[in-house]
Amino acid sequence: MINLILYSALAVFLYMTLIFTIAQIKKDNSLVDIAWGPGFILVSILTFCVSQKFMLRHILVCALVVIWGIRLAVHIAVRKIGRGEDYRYEKWRRDWGKWFFLRSFFQIFMLQGIILLVVVYPVILINHVSGSGIQVLDIIGAVVWLIGLSFEAIGDYQLLKFKRRPESKGKIITHGLWKYTRHPNYFGEALIWWGIFLIALSVRNGWTAVISPLLITFLLLRVSGVSMLEKKYAGNRDYENYATRTSPFIPWFPKKS
C-alpha cells in the first residue's frame, strides 16, 4: 500500500509540475481546472497496473473514475473556449505580485495535487486489495455514483446552455435541476465520491476511505465551490430571491414564494 501511495504521489507531483509549466507559458493558471479530472485518471490507471489485481471491482472503480474524469475535463475545456484566465486566478495574479510564480506552484498546483491524492485514496485502496466478486455495497456505490454523475453532468449542461443564450445575460438560472438545488453540479460531485467510498467499504480497511468524500464535500461547501459562488452573487437581488426558495445543496422541492 505504501508503495502505491508513493508511486501515486510521484506521478501527481510530475503531472502537476508539467501542468504548472504549461500554465506559465500560456499565462493561464486556470488550466489546472482542466487537468483536475485527468489527474485522477492517471492515479487510477497507474495503481491498477502496478497492483496487477485486475479483478472486477478494480476494473469497475477505474472505469468510473475514467468516465468521470474525461467528462469533467471536456466540459471545463469547452466552457473555457474563447475565455481567458478564470477570475479567481486573475485576482491571485494581481494580489500575489512578485511572489506569484512561487505561490502559484505551491498554493495552486501542489496544493491541488495533495487534495487529489487524498480524494483518490479510495481508488488506491481498492486497487491494492485483492477482493472477492462484486458485492451489494459495490452495486449500491455504483448506483450512488451514477446518480451523482447525472446531477453533475445535467447541471453543467443546463448551466452552459443557459449562459450561451444572449437573453440570459445578467440573469440567474432557475429551471431544470437548478430549481431544486442552487448547486446541482457540486452536489453531484460530492455524491460521486460518496459512491466510490461505498465501493471501498467492500475491501479490508475500506472505512478509512471516508476521508475522501468528507474532504471533497467540505471543500465544495466551505471553500472552493458553494461558498465562493455564494459570495460572488452577494447583493444580487435576483439571486437572493432565488436563494430564499431553493435548497443550497441537497436537492429539495422549492419553497413557495
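Preceding this section is the structure that the text describes.
The structure reproduced in this document is the subject of the present report. Every residue gets a number counted from 1 within its own chain, in the order that chain's sequence is written. At least 70 in pLDDT is required for a residue's local features to be given in this predicted model, at least 80 for side-chain atom pairs to be given and counted, and no such filter applies to totals for whole chains, interfaces and linings, which use all residues. Hydrogens are left out, water is left out, and the side-chain values use all remaining heavy atoms of the structure.

## Notes on helix α8 (residues 184-200)
Note on helix geometry: an α-helix contains 3.6 residues per turn, so any two residues three or four positions apart are oriented the same way. Only runs of H or I of at least four residues qualify as helices and only runs of E of at least two qualify as strands under DSSP, and these elements are numbered from the N terminus. Any helix carries an expected span of 1.5 Å times its number of residues minus one. Over its 17 residues, α8 extends 24 Å from the first C-alpha to the last, a length consistent with the 24 Å expected when each residue adds 1.5 Å. Each residue is assigned to one of three classes by its accessible area relative to the maximum for its type, calculated with a 1.4 Å probe on protein chains only: buried under 20%, partly exposed between the two thresholds, exposed over 50%. Most of α8 is tucked away: 14 of the 17 residues are buried.

## A closer look at the nonpolar core
Burial of nonpolar side chains together is a common tendency in soluble globular proteins. Nine residue types can take part in a nonpolar core, namely buried Ala, Val, Leu, Ile, Met, Phe, Trp, Tyr and Cys, and a core is a set of them joined through side-chain atoms within 4.5 Å. Residues Phe-40, Trp-68, Phe-109, Leu-116 and Trp-193 are the most contacted members of the largest nonpolar core, which totals 59 residues. Per element, the largest residue contribution to this core is nine residues, and it comes from α8. A contact between two residues is defined here by any heavy atoms of the two lying within 4.5 Å. Discounting chain neighbours no more than four positions away, the residues touching Phe-40 are Val-65, Trp-68, Leu-116, Val-119, Val-120 and Trp-193. Grouped together as the second largest cluster of nonpolar side chains are six residues, Phe-162, Ile-173, Trp-178 and Tyr-242 included.

## A closer look at unusual backbone geometry
Of note, the phi angle at Lys-27 is positive, near 55°, even though the residue is not glycine. Residue placement: Lys-27 occurs in the loop between α1 (2-26) and α2 (31-51). Given the relative accessible area of 58%, Lys-27 is considered exposed. For Gln-52, which is not a glycine, the phi torsion comes out positive at approximately 55°. Summarising the element assignment, Gln-52 is placed in the loop between α2 and α3 (56-80).

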